[in-house]
Amino acid sequence: MSEVETERGGLGKGLYIKTYGCQMNVYDSTRMADLLAPLGYRLVSAAGDADIVILNTCHIREKAAEKVYSELGRLRARQAERGRSGERMVLAVGGCVAQAEGAEILRRAPYVDIVFGPQTYHRLPEMVARALARPANGDGRGVLDTEFPAEEKFDFLPEAASPPGVAAILTVQEGCDKFCSFCVVPYTRGAEYSRPAADILAEARRLVAAGAREITVLGQNVNAYHGAAPGGGNEWGLGRLIRALAEIAGLERIRYTTSHPGDVDDALIAAHRDVPQLMPFLHLPVQSGSDRVLAAMNRRHSVNQYRRLVECFSAARSDMAFSSDFIVGHPGEEDADFAATLALVEAVGYAQAFSFKYSPRPGTPAALAQQIPDEVKTARLAALQELLWAQQRRFNEASRDRVMPVLFDRPGRHPGQLIGRSPYLQSVHVAAALLPVRIVGAGQNSIAGVLTAMEASA
Ligand code: SAM
Ligand code: SF4
């Protein structure tokens, strides 16, 4: 889980979006910027310069709501300062904390102008208009829109207003009906929904035309995807969708995340066998290596079923590598259960993984159960991470002397450094180099070229 600040400078009124949490929030923030662009709002890199500040929040981690309230406290000071010089700063809170807290945010922070959920952000232009009609001193109630509307937001989103970058993300599925004992997502993102395949393919073609070479297909449970097929007929699953994406000329890499083991089907495994653009890397969260804990978590699969899936993917593509999510200290987890998690990690051998201490989320079943002492969770997390980090280092060491395709998508921290991703999502740092380029186009102020090495390999 990361925290990023979305910024794309330019003229016009200033919009600042602070994005917390997962890639789906990053995607949503981009779409919020697209929605507000026609109203003249351009992304700026500092909240203090913005006419609208949006906090796009995440509810997965501990004390998420309190962190949002402290950020709001800081922004309030700047909002008041701008107010004194006659400038308005509209303060909006979106995402999963907004969905969970709702009107409580307007009660605790009455200077907030807008509170909206992940399923209503397509109405942002209208909410902003209503907020601007509200007195600037925070009197009068802010705009609240956290319902789960009957209409689907994707039908109301405009085409992207700015270039996606070479590695783009595309949401194809949202929401979750699984109700794992520990998780807030089904409550904050709502019921599972899959976008029609034709809409996804059109968006993917636009992303590629705008320069994307890699697309990561996103969903809370992306492999539960079951969207309307173009032109009718049986719904498409994720495997079928990936095959159609692979036909888009110029799209060189496809990834997808996050998958649930219970939703893996033969078509998805076969896609890994048949589609060279599909990266040989899979994030397949297992959470625990104990069947007892998996049952308590309501995960709906066993350890053996998970291990069998790993074998099937590896049989479909021999260079597959895996990543996962783990939770330690879920209510009911005993030493033997934790030992089973370590044994599973040893057996699978991960390229990388995320691991968390269980933290109770209000309103979820596991939050009501007898809790494991924090020191036990801390010790288990340390032991698990030691093992996972050793595996990650071993995986990286095994990459030495390999030649891998790397998609460079950003400058590094050091002068002259470039950073890209290997097929396995490893960050690859290189020193920028002089390379032979054949010039293939000429404009007034610049010329276009292709790397001769790429011509040779074409
Ligand atoms: N849908 C995905 C799945 O089923 O694996 C992932 C959803 S969640 C956004 C990402 C990860 O956060 C989960 O896989 C889980 O490991 C972790 N997580 C979710 N709720 C948690 C909680 N209450 N305490 C600790 N970790 C949690
Ligand atoms: Fe949360 Fe994933 Fe479980 Fe759905 S499947 S409830 S998103 S952890």
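Here the structure is shown first, and the text comes after it.
Nothing here was measured: the structure is a model prediction, and the numbers come from that model.

Reading guide: rules and limits
- Residues numbered from 1 in each chain as written.
- Chains lettered and ligands numbered in written order.
- Predicted model: local features only at pLDDT ≥ 70, side-chain atom pairs only at ≥ 80, totals over all residues.
- Heavy atoms only, no water.
- Helix = DSSP H or I, 4+ residues; strand = E, 2+ residues; numbered from the N terminus.
- Rg over C-alpha atoms; globule rule 2.2 N^0.38 Å.
- Buried < 20%, exposed > 50% of the residue type's maximum accessible area, 1.4 Å probe, protein only.
- Contact = heavy atoms within 4.5 Å.
- Areas by Shrake-Rupley, 256 points an atom, 1.4 Å probe, with all protein chains shown as cover.
- Disulfide = S-S within 2.5 Å.
- Pairing = 2+ DSSP bridges.
- Axes fitted to C-alpha atoms, helices over the stretch in contact; angles between N-to-C directions.
- Core = buried A, V, L, I, M, F, W, Y, C linked by side-chain atoms within 4.5 Å.
- Near = heavy atom within 4 Å.
- Polar contact = N/O pair within 3.5 Å; in protein donor to acceptor, adjacent residues only side chain to side chain.
- Nonpolar A, V, L, I, M, F, W, Y, C, P; charged D, E, K, R; others polar.
- Patch = residues over 30% accessible without salt bridge, like charges linked within 9 Å, V, L, I, M, F, W, Y side chains within 5 Å.
- Salt bridge = Lys/Arg side-chain N within 4 Å of Asp/Glu carboxyl O.
- Phe/Tyr/Trp six-rings, centres within 6.5 Å; stacked < 30°, edge-to-face > 60°.
- Lys NZ or Arg CZ within 6 Å of the ring centre and 35° of its normal.

### Considerations on the overall build of the protein
Counting its secondary structure elements, the protein contains 14 helices and 20 strands. In terms of C-alpha radius of gyration, the protein reaches 23 Å, essentially the compact-globule figure of 23 Å for 458 residues. Its C-alpha atoms give the protein principal-axis dimensions of roughly 70 × 65 × 50 Å. Within the protein, the fraction of its 458 residues that count as buried is 51%. Taking the intrachain contacts of the protein between residues at least 6 apart in sequence as the baseline, contacts between residues at least 24 apart amount to 69%. Of the roughly 21200 Å² of accessible surface on the protein, 53% is carried by carbon and sulfur atoms.

### A few points about the state of the cysteines
Tallied over the entire structure, the rule returns zero disulfides. Free cysteine Cys58: the closest other cysteine sulfur is in Cys22, separated by 6.1 Å. Overall, Cys58 belongs to the buried group, its relative accessible area being 16%.

### Some points on the pairing of strand β17 (residues 417-421)
Bridge analysis of strand β16 (residues 407-411) against β17 gives four bridges, and the strand direction is antiparallel. Paired with Phe408 across the two strands is Gly420, which belongs to β17. Bridge count between β17 and strand β18 (residues 427-431): five bridges; the pairing is antiparallel. Paired with Leu418 across the strands is Val430, a residue of β18. Linkage of β17 to β18, two consecutive antiparallel strands, is achieved through a turn of five residues, within which Leu425 is found at a positive phi near 65 degrees.

### Description of the sheet that holds β18
Reading across from one edge, β16-β17-β18 is the order of the three strands in this open sheet, with antiparallel pairing throughout. The open sheet is flanked by β16 and β18, the only strands paired with a single partner. Pairwise comparison of adjacent strand axes, ignoring direction, gives a mean angle of 35 degrees for this sheet.

### Let's talk about the side chain of Arg380
The topology assignment puts Arg380 in helix α13 (residues 374-397). Not counting residues up to four positions away in its chain, the partners in contact with Arg380 are Val328, Gly329, Glu333, Glu334, Asp335, Phe338 and Ile372.

### With respect to the nonpolar core
Membership of the largest hydrophobic core comes to 56 residues, with the highest contact counts inside it found for Tyr256 and Phe313. Each residue touching Tyr256, except ones within four places of it in the same chain, is listed here: Thr216, Val217, Val222, Leu238, Ile242, Leu268, His272, Leu278, Leu282 and Phe313. The next biggest cluster of nonpolar side chains, apart from the first, holds 26 residues, and it includes Ala33, Leu35, Met127 and Ala131.

### Observations regarding the site of ligand 1
Not every one of the 16 residues close to ligand 1 is listed here, only the nearest: Phe182, Gln220, Gln287, Asp325 and Ser359. Interatomic distance of 2.8 Å between a backbone N/O atom of Ser359 and a nitrogen atom of ligand 1. Relative to its unbound accessible surface of 560 Å², ligand 1 loses 92% to contact with the protein. Within the residue set of the shell around ligand 1, elements represented by two or more residues are β14 (321-328) and β15 (352-357). Here the shell around ligand 1 is built from residues that sort into seven nonpolar, four polar and five charged.

### Some points on a nonpolar patch on the surface
Residues Leu435, Val437, Ile439, Ile447, Leu451 and Met454 make up a contiguous nonpolar surface patch of about 560 Å² in total accessible area. For Ile439, the position within the fold is in strand β19 (residues 437-442).

### A look at the packing of aromatic side chains
Enumeration over the complete set of coordinates arrives at five aromatic pairs. Between the aromatic rings of Phe179 and Tyr187, the centroid separation amounts to 5.4 Å while the plane-to-plane angle is 80 degrees, which identifies the pairing as edge-to-face. Considering the side-chain rings of Phe395 and Tyr424, the 5.3 Å spacing of their centres and the 80 degrees angle between planes classify their relative orientation as edge-to-face. On the criterion of sequence distance, the pair formed by Phe395 in helix α13 and Tyr424 in the loop between β17 and β18 is long-range, its members being 29 residues apart. Take Tyr424: its relative accessible area is 4%, and that puts it in the buried class. Every member of this aromatic cluster is reached through a ring pair, and the members are Phe281, Phe395 and Tyr424. Looking at Arg108, its charged tip hangs above the ring of Tyr69, at a distance of 3.8 Å from the centre. For the cation-ring pair, Arg240 lies above Trp236, with the distance from its terminal atom to the ring centre recorded as 4.1 Å.

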